[in-house]
Amino acid sequence: MPDQRLELTDSELLRKLMQRAPGGPLSVRGLARGAGISKTRVDDFLHNRYATATGEVATRIARILGVHRGALFTPKASMSMDADSKGGPVEHR
């Protein structure tokens with residue numbers, strides 16, 4: 001089973017947590033290095049250009065920032081549920 005995708009809840013909170021990280025403020029480069037992701041990916045998180053991560057990456061980011069993963073990330077809404085034009089579920093027969 002693939003690792004669940006999680007969505008960043010608040011890029012401003014991420015920025016604040018980076019400034020208050022255990023051991024001192026974290027730069028984009030420092031967070032990227034610690035989480036094992038690219039600087040571009042961190043920058044994308046900070047600027048709302050890309051807001052999802054695997055559970056593993058989300059956990060690493062949260063651990064570096066000294067918070068629980070749920071403080072920054074929530075499960076990404078499933079795209080598998082069909083909806084009709086009014087936003088309701090579609091019945092499959």
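Up top is the structure.
So, here's what we can say about the structure.

This structure, assessed with the given rule, holds four salt bridges. A salt bridge links Glu-12 to Arg-15, with the nearest nitrogen and oxygen atoms 3.0 Å apart. Linking Glu-12 with Arg-15, this pair stays in helix H1 (residues 11-19), spanning three residues, or about one helical turn. Arg-60 is the partner of Glu-56 in a salt bridge, and the nearest nitrogen-oxygen pair spans 2.7 Å. Linking Glu-56 with Arg-60, this pair stays in helix H4 (residues 55-65), spanning four residues, or about one helical turn. Each of Asp-43, Asp-44 and Arg-49 takes part in one network of salt bridges that share partners.

Let us now look at H1. Every buried residue of H1 is accounted for by Ser-11, Leu-14, Leu-17 and Met-18. Relative to the axis of H1, the buried residues are bounded by an arc of 120° and lie together on one face. Where H1 is buried, its residues touch strand E1 (5-8), helix H2 (28-35), helix H3 (39-46) and H4. If you check the start of H1, you find a side-chain oxygen 2.9 Å away from the backbone N of Glu-12, and it comes from Asp-10.

With that settled, consider the side chain of Ser-11. Tracing the backbone shows Ser-11 in helix H1. Those residues in contact with Ser-11 that sit more than four places away from it in its chain are Phe-45, Leu-46 and Asn-48.

The next point concerns the nonpolar core. Counting residues in hydrophobic clusters, the biggest one holds 21 residues, and the most contacted among them are Leu-14, Ile-61 and Leu-65. By residue number, the principal contributor to this core is H4, which donates four residues. The residues contacting Leu-14, other than those within four sequence positions of it, are Leu-8, Leu-31, Phe-45, Leu-46, Ile-61, Leu-65 and Leu-72.

Moving on, we get to the side chain of Arg-41. In this fold, Arg-41 is placed in helix H3. Buried within the structure, Arg-41 lacks any salt-bridge partner; Asp-44 is the closest side chain of opposite charge, at an N-O distance of 5.7 Å. Among residues more than four places away in sequence, those in contact with Arg-41 are Arg-5, Tyr-50 and Thr-52.

The rules behind the values
- The residue count restarts for each chain, going from 1 along the sequence in the order it is written.
- Side-chain atom pairs in this predicted model are given and counted only at pLDDT of 80 or more, local residue features only at pLDDT of at least 70, and totals for whole chains, interfaces and linings cover all residues.
- Excluding hydrogens and water, the side-chain values take into account all heavy atoms of the structure.
- By convention in these notes, a salt bridge is any Lys or Arg side-chain nitrogen within 4 Å of a carboxyl oxygen on Asp or Glu.
- Every helix listed is a DSSP run of H or I at least four residues long, and every strand listed is a run of E at least two residues long, numbered separately from the N terminus.
- Partly exposed residues are those whose accessible area sits between 20% and 50% of the maximum for their type, while under 20% is buried and over 50% is exposed, using a 1.4 Å probe and protein chains only.
- Picture the helix axis, draw a direction to every C-beta atom, and the arc is the one those directions span.
- The contact criterion used is simple: two residues touch if any of their non-hydrogen atoms lie within 4.5 Å.
- Residues adjacent in sequence count toward polar contacts only when both atoms are side-chain atoms; beyond that, a polar contact is any pair of N or O atoms within 3.5 Å, and within protein one must be able to donate a hydrogen and the other to accept it.
- Here, nonpolar core means buried Ala, Val, Leu, Ile, Met, Phe, Trp, Tyr and Cys residues that are tied together by side-chain atoms lying within 4.5 Å of each other.
- By the counting rule applied here, Lys and Arg register as positive and Asp and Glu as negative, while His and the ends of each chain are not counted.

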